[in-house]
Amino acid sequence: MATALINGVPVHFEDTGGSGPVVLFSHGFMMDHTMFAAQIDSLRGEYRCVAWDERGFGETPSPTPFSYWDSANDAVALLDHLGVGEAVFVGMSQGGYLSMRAALTHPNRVRALALIDSGAAVDAPEVLEGYGGMLDALCGDDEATYDLVAAGVGQIILGDQSLIDAWTPVWKARRSRDRNDLRTAGQTLITRDDISERLGEIACPTLVIHGTADVAISMNEAEKVASGVQKGQLVVIDGGTHAANLTHPVEVNTELRSFLASL
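A quick note: this is a predicted structure, and the numbers were derived from the prediction, not measured. (Residues numbered from 1 in each chain as written. Predicted model: local features only at pLDDT ≥ 70, side-chain atom pairs only at ≥ 80, totals over all residues. Heavy atoms only, no water.)

Novice: Looking at this model, I keep getting lost on the overall build of the chain. Mind explaining?
Specialist: Of regular secondary structure, the chain possesses 10 helices and eight strands. Relative to the 2.2 N^0.38 estimate, which gives 18 Å for 263 residues, the radius of gyration of the chain is 17 Å and therefore close to what a compact globule would have. Structurally, the chain occupies a C-alpha span of about 50 × 40 × 35 Å along its principal axes. Looking at the chain as a whole, 54% of its 263 residues are labelled buried. In the chain, the share of contacts with a sequence separation of at least 24, taken over all contacts with a separation of at least 6, comes to 76%. Total accessible area computed for the chain in this model is approximately 10500 Å², and 52% of it derives from carbon and sulfur atoms. Averaging the locations of the 17 positively and 35 negatively charged side chains of the chain gives two centres separated by 5 Å. (Helix = DSSP H or I, 4+ residues; strand = E, 2+ residues; numbered from the N terminus. Rg over C-alpha atoms; globule rule 2.2 N^0.38 Å. Buried < 20%, exposed > 50% of the residue type's maximum accessible area, 1.4 Å probe, protein only. Contact = heavy atoms within 4.5 Å. Areas by Shrake-Rupley, 256 points an atom, 1.4 Å probe, with all protein chains shown as cover. Lys, Arg positive; Asp, Glu negative; His and termini not counted. Charge placed at Lys NZ, Arg CZ, Asp CG, Glu CD.)

The structure is reproduced here in structure tokens:
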């Protein structure tokens, strides 16, 4: 792992190096750069893979409030730090949120988009209210409540008990360091803006990968993104959860490699 001061924040990242086309991986909420280990193992050698910890997750703090537009700027600034002109942006969930915003604000830096179980719209008010309650519990002092809610969050994001068991200690260790990081990042998720009406401005090739068992973001939302951008295609992962790249890495890797080869 390496660290770079990006827009005033020490951002941790992993860079496989090499001379191949650059692929930038941006993780989902509650996750970190390691969630893309299977994808990086599949692509390293042919591609230069860069995966980073976004603000509030992994080893990157979130000292002040931020938006996904700020995260998009972080991603591009990381490319600047690495001397990279353009990259294919691969983003899962919130990683997709920031990747689409990067394509809108820095179109010359985004060669293509691969969006894994992501979307452009905002959640319904009652869903956002529920997320606010979950965030309070995850950042609160009651350990029993935390454990109960974290288990529920694990089902929403991962939907696979073996993965939940693997990520639960990671989440607990992060919580013990600084709960304010999670709260700040959670507010970013809850207060994000709707960019659905701007999808038509995204001109780069866009692959939308979505699991049929995703309970966080509907297939309908994935279809809207794929049809809303100028050059979109939708790939459905049968049985894939919200983190389809973790539950179905072989299928996701196959589709991602095919997409990258087509560029």
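Novice: Where do I start with the side chain of S26 in this structure?
Specialist: Among the secondary structure elements, S26 is positioned in strand β3 (residues 22–26). Each residue touching S26, except ones within four places of it in the same chain, is listed here: F36, W52, E54, V90, G91, M92, G95, L98 and S99.

Novice: Before we go on, may I ask you to explain the pattern of salt bridges in this structure?
Specialist: Under the criterion given, the structure shown has 15 salt bridges. Here D41 and R44 are joined by a salt bridge, their closest N and O atoms 3.7 Å apart. Residue classification places R44 among the partly exposed positions, given a relative accessible area of 40%. The partner of R257 in a salt bridge is E46, with the nearest N and O atoms 2.3 Å apart. Pair noted here: R257 is in helix α10 (residues 249–262) and E46 is in the loop between α1 (37–43) and β4 (48–52), with a separation of 211 residues, a long-range link. Put simply, E14, D41 and R44 are held in one network by salt bridges that share partners. (Salt bridge = Lys/Arg side-chain N within 4 Å of Asp/Glu carboxyl O.)

Novice: Looking at this structure, how should I read the nonpolar core?
Specialist: Side chains that are nonpolar tend, in soluble globular proteins, to be buried together. Ranked by internal contacts, the top residues of the largest apolar core, which has 55 residues, are F25, V90 and L158. Top element by residues in this core is helix α4 (residues 125–139). It accounts for six residues. Apart from the residues within four sequence positions on either side, L158 is in contact with M31, L163, I164, W167, W171, T241, A243, L246 and T247. Grouped together as the second largest cluster of nonpolar side chains are 37 residues, V9, A75, V84 and I195 included. (Core = buried A, V, L, I, M, F, W, Y, C linked by side-chain atoms within 4.5 Å.)

Novice: Please explain the sheet that holds strand β7 (residues 205–211) as it appears in this structure.
Specialist: Paired through backbone hydrogen bonds, the strands of a sheet run either parallel or antiparallel to each other. An order of β1-β2-β4-β3-β5-β6-β7-β8 is seen for the eight strands of this open sheet, with the pairing classed as mixed. Each of the sheet's edge strands pairs with one partner strand only, and the pair in question is β1 (2–6) and β8 (231–237). Averaged over neighbouring strand pairs, the angle between their axes works out to 25° when direction is ignored. Taken strand by strand, helix α2 (residues 68–82) contacts β1, β2 (9–15), β3, β4 and β5 (87–92), and its axis lies near 135° from that of β4. (Pairing = 2+ DSSP bridges. Axes fitted to C-alpha atoms, helices over the stretch in contact; angles between N-to-C directions.)

Novice: How should I be thinking about α4 in this particular structure?
Specialist: The α-helix winds at 3.6 residues per turn, so residues separated by three or four positions along the chain end up facing the same way. Compared with an ideal rise of 1.5 Å per residue, which puts 15 residues at 21 Å, α4 spans 21 Å between its outermost C-alpha atoms and is within 8% of the ideal. Among all positions of α4, only L128, Y131, G132, L135, A137, L138 and C139 are buried. Buried-residue contacts for α4 involve α5 (143–157), α6 (161–177) and α7 (179–190). (Expected span 1.5 Å × (residues − 1).)

Novice: Help me understand the packing of aromatic side chains in this model?
Specialist: Each pair of aromatic rings is reported with the distance of its centres and the angle of its planes. Taken as a whole and assessed by the stated rule, the structure comprises three aromatic pairs. Where F29 meets F57, the ring centres are 5.1 Å apart and the plane angle is 75°; that geometry is what we call edge-to-face. Taken together, the residues F29 in the loop between β3 and α1 and F57 in the loop between β4 and α2 connect sequence positions 28 residues apart. Over the ring of W69 we find R101, and its NZ or CZ is 5.3 Å from the ring centre. We note R175 situated over the ring of Y146; from NZ or CZ to the ring centre the distance is 4.2 Å. (Phe/Tyr/Trp six-rings, centres within 6.5 Å; stacked < 30°, edge-to-face > 60°. Lys NZ or Arg CZ within 6 Å of the ring centre and 35° of its normal.)

Novice: Before we go on, may I ask you to explain the environment of T184 in this structure?
Specialist: Within the secondary structure, T184 is located in helix α7. For the pair T184 and A72, spaced 112 residues apart in the sequence, the C-alpha separation amounts to 17 Å. Here T184 is in contact with S62, T64, P65 and F66, once residues within four sequence places are set aside.

Novice: Whenever I open this one, the pairing of β1 confuses me. Can you help?
Specialist: Two faces make up the sheet, and in a regular strand the side chains alternate between them. Looking at chain direction, β1 and β2 are connected through five bridges and run antiparallel. Across the sheet, A2 pairs through a bridge with F13, a residue of β2. Hairpin connection from β1 to β2: two residues lie between these consecutive antiparallel strands, with N7 at a positive phi of about 50°.

Fair warning: the whole summary comes from geometry, so function is off the table for now.
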